[in-house]
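The chain contents come next:
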Amino acid sequence: MALALFYHLTRSGPEPTVAQLLLRASGQGWRVMVRGTDPGRLAALDDRLWTDPADGFLPHGLEGGPCDADQPVLLGAGAIANAARGLMLLDGAEADLVEVQGLERLWVIFDGADAGAVEGARGLWRRITDAGLRAQYWSEEDGRWAMKMEKGAG
């Protein structure tokens with residue numbers, strides 16, 4: 001059953017947060033799909049993943065290449081095409097409950113300065129927890145990530 005992790009950005013941008021979370025997921029041996037709605041953000045993330053961490057890179061690809069199914073991390077706007085166990089949502093990207101229930105992890109990264117993004121994340125939180133899935137809300141308001149709320153099966 002999926003665990004949904006909501007990351008409320010108030011200090012850092014999405015690229016460093018996503019890179020950090022992807023490194024952890026990769027360390028678990030998980031494939032991840034990063035779904036976004038902004039092609040510019042996905043391109044910036046692609047560039048960052050080639051250079052971070054400083055001693056290497058995180059193997060990944062942009063959706064639409066010949067090897068999408070082989071990518072440990074796939075960046076795009078479409079359906080999961082790399083047998084991912086985790087899905088990361090950026091910039092208001094969506095996932096339906098059937099899709100989420102088949103995953104190990106869902107990460108929802110949203111900008112705390114964007115009222116629309118906050119409201120969208122709240123709506124997704126309600127849909128996920130109303131469906132009986134476990135969800136955690138994380139905030140960096142004090143300069144460090146801290147879990148502020150947990151709800152659902154456990």
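Now for a quick tour of the structure. Within each chain, residues carry numbers counting from 1 in the order of the written sequence. Thresholds applied to this predicted model are a pLDDT of at least 70 for local features of residues and 80 or more for the giving and counting of side-chain atom pairs; totals over whole chains, interfaces and linings are not thresholded and use all residues. For side-chain calculations, the full set of non-hydrogen atoms in the structure is used, while hydrogens and water are omitted.

A word on helix H4 (residues 115-130). Look at H4: 22 Å from first C-alpha to last across 16 residues, which is about the 22 Å you get at 1.5 Å a residue. Those residues of H4 lying buried are Val118, Ala121, Gly123, Leu124, Trp125, Ile128 and Thr129. What makes two residues a contact is simply this: any of their non-hydrogen atoms within 4.5 Å. Put simply, DSSP marks the helices as runs of H or I at least four residues long and the strands as runs of E at least two long, and each gets a number from the N terminus on. Its buried side turned inward, H4 meets strand S1 (3-9), strand S5 (86-89), helix H3 (97-101), strand S6 (105-111), strand S7 (134-139) and strand S8 (146-151). Where H4 begins, the side chain of Asp114 points an oxygen toward the backbone nitrogen of Gly116, at a separation of 2.9 Å. Looking one or two residues beyond H4, the residue adopting positive phi is Gly132, at roughly 90°. The span expected for a helix works out to 1.5 Å for each residue beyond the first. Each residue's exposure class comes from its accessible area (1.4 Å probe, protein chains only) as a fraction of the maximum for that residue type: buried when under 20%, exposed when over 50%, partly exposed otherwise. Any pair of nitrogen or oxygen atoms within 3.5 Å is treated as a polar contact; in protein, a donor-acceptor pairing is required on top of that, and neighbouring residues in sequence qualify only through side-chain atoms on both sides.

Here Gly13 is to be found in the loop between S1 and helix H1 (14-27). Classification of Gly13 by relative accessible area gives partly exposed; the value is 27%. Sequence spacing of Gly13 and Gly92 is 79 residues, and the spatial spacing of their C-alpha atoms is 15 Å.

To continue, consider H1. The end-to-end C-alpha distance of H1, which contains 14 residues, comes to 20 Å, matching closely the 20 Å that a straight helix rising 1.5 Å per residue would cover. All of the buried residues along H1 are Pro14, Glu15, Thr17, Val18, Ala19, Leu21, Leu22 and Ala25. Buried positions along H1 lie against S1, strand S2 (32-35), helix H2 (39-51), strand S4 (73-76), S5 and S6. A positive phi of about 80° marks Gly29, the residue just after H1.

Here we come to the packing of aromatic side chains. Note on aromatic contacts: the rings of Phe and Tyr and the six-membered ring of Trp form a pair at centre separations within 6.5 Å, being stacked when their planes are under 30 degrees apart, edge-to-face when over 60 apart, and tilted otherwise. Under the defined criterion, the tally for this structure stands at four aromatic pairs. Ring centres of Phe6 and Trp125 lie 5.3 Å apart, and the angle between their planes is 70°; on these two criteria the pair is classed as edge-to-face. Of this pair, Phe6 sits in strand S1 while Trp125 is found in helix H4, placing the two residues 119 residues apart along the sequence. The class for Trp125 is buried, based on a relative accessible area of 12%. Judged by centre distance (6.1 Å) and plane angle (15°), the rings of Tyr7 and Trp138 are stacked. Remark: Trp138 occurs in strand S7 and Tyr7 occurs in strand S1; sequence separation between them is 131 residues.

Pairing between two strands is assigned when DSSP locates at least 2 bridges connecting them. Spatially, S3-S4-S2-S5-S6-S1-S7-S8 is the arrangement adopted by the eight strands of the open sheet, whose pairing is mixed. At either end of the open sheet lies a strand with only one pairing partner, and these are strand S3 (61-62) and S8. Two strands pair when backbone bridges link them, and S1 and S7 are joined in this way by six bridges, in the parallel orientation. When the sheet's bridge partners are listed, Tyr7 is paired in S7 with Trp138. Simply put, an axis is a line fit to the C-alpha atoms, just over the touching stretch for a helix, and the angle between two N-to-C directions goes from 0 to 180 degrees. The sheet contacts of H1 involve S1, S2, S4, S5 and S6, and relative to S6 the element is tilted by about 165°. On top of the sheet, H2 reaches S2, S3 and S4; it is set at about 155° to S4, its chief contact.

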